[in-house]
Amino acid sequence: AVRIPSAHLARGLDPEIIETACYTLLADDYMRTKYENDEIFWDSYNVHPSLTYFGAHNGLFRILPALGQVECGNYDPRKRPWFVAASSGPK
C-alpha cells in the first residue's frame, strides 16, 4: 500500500510524489519477499512478523502488508521517531 500525507492531497498530486511512488515500486518485490520469508520464520514461534515499510523524504509511505485506515492522509512518516532518527543520524 502507498500512503500520501493529506498536505499533498489537498493541493493535488505533486509530480515529485508521483515519481517517488514510481521509483519505490521497485522495492515492492523485495518487501513482499522479505515479509513472506519473515512469515515462514516467525510461524514456528506462533508470532506474526513485523510490518515492512518505507518512508520517503516527501512523506510518501509504503507498507506491507497493506493496512486499512479510517481516514486518508493522516499518517506522515516524517513525524515518526524512526524516520527522524534515520534521516538525522550520522551517515
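Reference entry: report on the structure contained in this document. Remember, predicted model here, so these are calculated numbers, not experimental data.

**Digging into the environment of Thr24**
So, step 1. Tracing the backbone through its elements, the reader meets Thr24 in helix 2 (residues 15–24).
So, step 2. Look at Thr24 and you get buried, because its relative accessible area is 4%.
So, step 3. Sequence separation between Thr24 and Arg62 is 38 residues; the distance between their C-alpha atoms is 8.0 Å.
So, step 4. Ignoring any residue separated from it by four or fewer positions in sequence, one finds Thr24 in contact with Phe54, Leu60 and Arg62.
So, step 5. At 2.8 Å, the side chain of Thr24 forms a polar contact with the backbone oxygen of Thr20.
So, step 6. At a separation of 3.3 Å, a polar atom in the side chain of Thr24 contacts the main-chain carbonyl oxygen of Ala21.

**Some words on the sheet that holds strand 2 (residues 52–55)**
So, step 1. One open sheet accounts for three strands, arranged 1-3-2; its pairing is antiparallel. Because the sheet does not close on itself, it has two edges, and the strands there are strand 1 (2–3) and strand 2.
So, step 2. In the packing of helix 3 (residues 28–43) onto the sheet, contacts are made with strand 2 and strand 3 (61–64), and the angle to strand 3 comes to roughly 35°.

What counts and how
Residues numbered from 1 in each chain as written. Predicted model: local features only at pLDDT ≥ 70, side-chain atom pairs only at ≥ 80, totals over all residues. Heavy atoms only, no water. Helix = DSSP H or I, 4+ residues; strand = E, 2+ residues; numbered from the N terminus. Buried < 20%, exposed > 50% of the residue type's maximum accessible area, 1.4 Å probe, protein only. Contact = heavy atoms within 4.5 Å. Polar contact = N/O pair within 3.5 Å; in protein donor to acceptor, adjacent residues only side chain to side chain. Pairing = 2+ DSSP bridges. Axes fitted to C-alpha atoms, helices over the stretch in contact; angles between N-to-C directions.

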